[in-house]
Amino acid sequence: MNTKPTPRRRGVVSGAALATAGVLVALSVPSAALAAEGDTTIDIYDVNDFHGRIAQSLSTPAPRDGDAAGAAVLAGALEQLRGEDTSTSAFVSAGDNIGASTFESFIQQDQPTIDVLNAMDLSVSAIGNHELDKGRTDLEDRVIGPDDARNATWDYVSANILDTATGEPAFDPYSIQEISGKRVGFIGATVDLEGLVSPSGIESLEMADITDSVNAVADDLTDGVADNGEADVLVLLVHDGAETAAVSDLDGDSAFAHAVHAVSPKVSAILSGHTHQTYVHSVVPDGGTVARPVVQTGSYGFNLGHLQLTVAADGSVAATAAENIRLVDGTFTPDAGVAATVSAAVAEADVLGAVELGTTDVDMRRALQSDGSENRGGESTLGNFVAEVQRSATEERQGVQIAFMNPGGLRADLAGGAVTYKEAAVVQPFANTLVVLDLTGAQVKQALEQQWQPSTASRPFLKLGVSEGFAYTYDPAAASGSRITAMTLDGAPIDASTTYKVTVNSFLASGGDNFTAFAGAAAKQDSGKVDLEAQVEYFEANPEVTVAADQRSVGVTMTATPAGGFQPGDDVSMDLSSLVFSNAGDQPTSVRVSAGDQVLATSAVDPTIVDTTDEQGTATLAFTVPAAGTAPSAAATPAAPGSATRAAAVTAAATTDEPLVITVGATRIVLPVTIPLAAAVDPGTDPDEPGQPGEPGSEPIDGDDDGAGPGADNGAGASTDLAADPAADGTANGALAYTGAELTAPAVAAGLLLLAGITAMVVARRKRARRAETALD
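Presented here is an overview of the structure given in this document. All values derive from a computational prediction rather than experimental measurement.

Calculation criteria
Residues numbered from 1 in each chain as written. Predicted model: local features only at pLDDT ≥ 70, side-chain atom pairs only at ≥ 80, totals over all residues. Heavy atoms only, no water. Axes fitted to C-alpha atoms, helices over the stretch in contact; angles between N-to-C directions. Helix = DSSP H or I, 4+ residues; strand = E, 2+ residues; numbered from the N terminus. Parallel < 35°, antiparallel > 145°, perpendicular 65-115°, else oblique. Left-handed = near helix turned anticlockwise from the far one by under 90°. Contact = heavy atoms within 4.5 Å. Nonpolar A, V, L, I, M, F, W, Y, C, P; charged D, E, K, R; others polar. Buried < 20%, exposed > 50% of the residue type's maximum accessible area, 1.4 Å probe, protein only. Pairing = 2+ DSSP bridges. Phe/Tyr/Trp six-rings, centres within 6.5 Å; stacked < 30°, edge-to-face > 60°. Salt bridge = Lys/Arg side-chain N within 4 Å of Asp/Glu carboxyl O. Polar contact = N/O pair within 3.5 Å; in protein donor to acceptor, adjacent residues only side chain to side chain.

**Focus: the packing of helix H6 (residues 210-220) against helix H7 (residues 255-262)**
H7 packs onto H6 with a crossing angle of 30° between their chain directions and a minimal axis gap of 9 Å. With respect to their mutual orientation, H6 and H7 come out roughly parallel. For the pair H6 and H7, the crossing hand works out as right-handed. Of H7, the residues touching H6 (which contributes Ile210, Thr211 and Asn215) are His258, Ala259 and Ala262. Considering only residue class, the contact of H6 with H7 consists of three nonpolar, three polar and no charged.

**Side note on the pairing of strand S22 (residues 470-474)**
Within S22, five of the five residues are buried, which leaves it mostly tucked inside the rest of the structure. What you see with S22 is no split at all: Phe470, Tyr472 and Tyr474 on one side and Ala471 and Thr473 on the other are buried throughout. Here five bridges tie S22 to strand S23 (residues 484-489), and the two strands are oriented antiparallel to one another. Note on S23: the bridge partner recorded for Tyr472 is Met487. As defined by bridge partners, S22 adjoins strand S28 (residues 553-558) across three bridges and the pair is classed as parallel. Paired with Tyr474 across the bridge in S28 is Gly555.

**Brief notes about the sheet that holds strand S26 (residues 523-530)**
Ordered in space as S21-S18-S25-S20-S26, the five strands form an open sheet in which the pairing is mixed. Because the sheet does not close on itself, it has two edges, and the strands there are strand S21 (465-466) and S26. Sitting on the sheet, helix H9 (residues 381-398) is in contact with strand S18 (402-405), strand S20 (433-440), S21, strand S25 (499-505) and S26, with an inclination near 140° to S18. In the packing of helix H11 (residues 441-449) onto the sheet, contacts are made with S18, S20 and S25, and the angle to S20 comes to roughly 120°.

**A word on the packing of aromatic side chains**
On inspection of all chains with the given rule, the structure shows 13 aromatic pairs. Aromatic side chains Phe103 and Phe106 sit 6.3 Å apart centroid to centroid with 50° between the ring planes, which places their arrangement in the tilted category. Of this pair, Phe103 and Phe106 are both found in helix H3 (residues 103-106), three residues apart, which corresponds to roughly one turn of the helix. A residue is classified by how much of its surface remains accessible, and Phe103, at 1% relative accessible area, is buried. Centre to centre, the rings of Phe404 and Phe518 are 5.9 Å apart; their planes meet at 40°, and the pair counts as tilted. With Phe404 in strand S18 and Phe518 in helix H13 (residues 516-519), the pair connects residues that are 114 residues apart, well separated along the chain.

**Concerning the sheet that holds strand S27 (residues 544-545)**
Pairing in this open sheet of three strands is mixed, and the strands run S19-S17-S27 from one edge to the other. Of all strands in the sheet, those bounded by a partner on one side alone are strand S19 (417-420) and S27. Together, strand S17 (356-360), S19 and S27 form the strand contacts of helix H14 (residues 531-541), whose direction differs from that of S17 by roughly 65°.

**Some details on the pattern of salt bridges**
Enumeration according to the criterion identifies 17 salt bridges in this entry. We note a salt bridge from Lys266 to Asp219, for which the minimum N-O separation is 2.9 Å. With a gap of 47 residues between them, Lys266 in the loop between H7 and strand S12 (267-272) and Asp219 in helix H6 connect regions that are remote in the sequence. By relative accessible area, which is 35% here, Asp219 ends up partly exposed. For Arg391, the salt bridge goes to Glu388, with nearest N and O atoms at 2.7 Å. Within this pair, Arg391 and its partner Glu388 are both found in helix H9, separated by three residues, close to a single helical turn. When its relative accessible area of 12% is taken as the criterion, Arg391 is described as buried. One salt-bridge network, held together by shared partners, links Arg366, Glu374, Arg376 and Asp413.

**So, the environment of Lys463**
Within the secondary structure layout, Lys463 lies in the loop between H11 and S21. Classification of Lys463 as buried rests on a relative accessible area of 4%. For Lys463 and Thr612, which are 149 residues apart along the polypeptide, the C-alpha to C-alpha distance reads 9.5 Å. In this view, Lys463 contacts Arg376, Gly377, Gly378, Glu379, Met405, Pro407, Gln451, Tyr472, Tyr474, Ser553 and Asp614; residues no more than four positions away in its chain are not counted. Within polar-contact distance, the side chain of Lys463 engages the side chain of Asp614 at 3.0 Å.

Limitation: the analysis is restricted to geometry and does not speak to function.
The following block contains the structure:
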């Protein structure tokens, strides 16, 4: 284990000065009284989830939680607060110092972040999951590495990351730091890495229980067994935390909540991370009598945590202060030396990142929660775009047909207009390689089912970005494992036994984010491309990108089809969801269901965001199957232009079973359900007359809700001109038509979508009850 010399930092100020330094969270632990004779005071300053935010980034008109104060301000705060005598304090971290960094650090492999933290004399840090973004070898050899100026000079610790070969801790489980003449043992612990980092990079590592691992080290450090002798004070640095700032979260069933209560009372304080929350709590541990602080500082250096411990003459330890000190309000003067390091890093990044790659017509943003924060459970134009980029990068050489993108790999939005290398890079900062998988249709379905995460996961749902040409429907009310109800590729059904070429990044390919179906691929091939390289090449080939406005998946829960199919007079109801994006403007406000050329029902779309899921954009459509030879009442249901004239002329001479078609903005869904419908024929009207959609020789039915006719603006950034009858698009016997491949205008092709039923993946025409039922394959 490592025992470091006295920290080389710049000291602390008095408690009175500290009280005016910008406290963000009120103390949950009583403020320190005057130290009694023989007492020793120890000050600990900490950050968590710094993520390479070396440059300042503040919101306007006022800073808010999640902003970055910048490394220079952080260094200046430490200088002011610690003062000249650095022997009475330490600066530590709860992990994720690097990884998921902003461009100026990311483009230089986080070396600028390592440099500034070295300059601040960071003493010890827990190992966060992002420290292992590039695997164990990278952390050991490059980040920790040999003792030279380019490696981290602080200790990285974790007691519960074990070597699979030995069952022992793979890294130092603790570090002893001498502070105010006392030996302070900082024990490290790390959130379960499964699903958080690429499994291939940590194949030689396994996770142990946080509480058990920490307690074992705590016993070692207080009974004389430890290599470096006993510690006077124990502090836990754990890269895990509560999901919210509410103290009630500490009473949950998570591994962190368990540790808060069950970690030995020998540990006097818990400094946490990972969840990017801001809190200061006080909890009496199981078997203990003295409350200990549980602190997290938020993220990105917005706050600096401060913990004060007092060691009494009898050796007992009590927390006498615990707080988060706000760094973004101008209280602290930036450190000049660190500022110079940051400026140099920014200048280098500006040179590397200033190259313009191309343009986009509108913003591409990640999905949003109701509070404006990122929602990894929502479909986004950005996620779909990146998936299409990766499919395109591997299409020609590897023959890839489908690509998926994990939402956690998207770290910034992409503004409309000119796109620079830097802007493209910050969207995907992990430098993952693209991997081509051989997956059966059944495995693709399994992967989509795994978007609904295990109950133990931190997020209940993770929405995969989907490349163009692939689409699916799902039933959010169905049981786990049976929610995906339809999948198509270029309008054709996905066959369960057919093998498809699928591209994902190396994180997903190894089963990251609990998508184990990808890890089960029959074959894997490294494409030789990195995600950022693929995006650069995409813009070279497509310098003017028109953002696709279609939903690649839609939720449908509807009345079960009766034996023999729906009959005239049957009531049909369908609940729809995921009809709009949470993050795009000019979205459709209504949805309709039709059969043939008859609009059966319309409804307004409720755009209310449903947090953590993709259920935004809901509507209920209900109608009664019309009698043969009739059309729905125009008074009951708004009809398409010209339908009143046609309804008057309908005869029962020609009757077909027409599929139900849902249209919302740029998205068109053909359901695997038909109803009997009389053919609409108006012998007194020129079939080529405008406003007669669906008739022989007519213009295709418009995808817009405004009835403005073919080519009208549909409110979603693309025009959707589709035939009402699938067979009219040139497919045989009503098979699902592909609605984009034949189109040459990218703006149109991007906006079209057609979905099929999962059991058949083709629309089979159901005969009426007096005929034998046509079963779906």
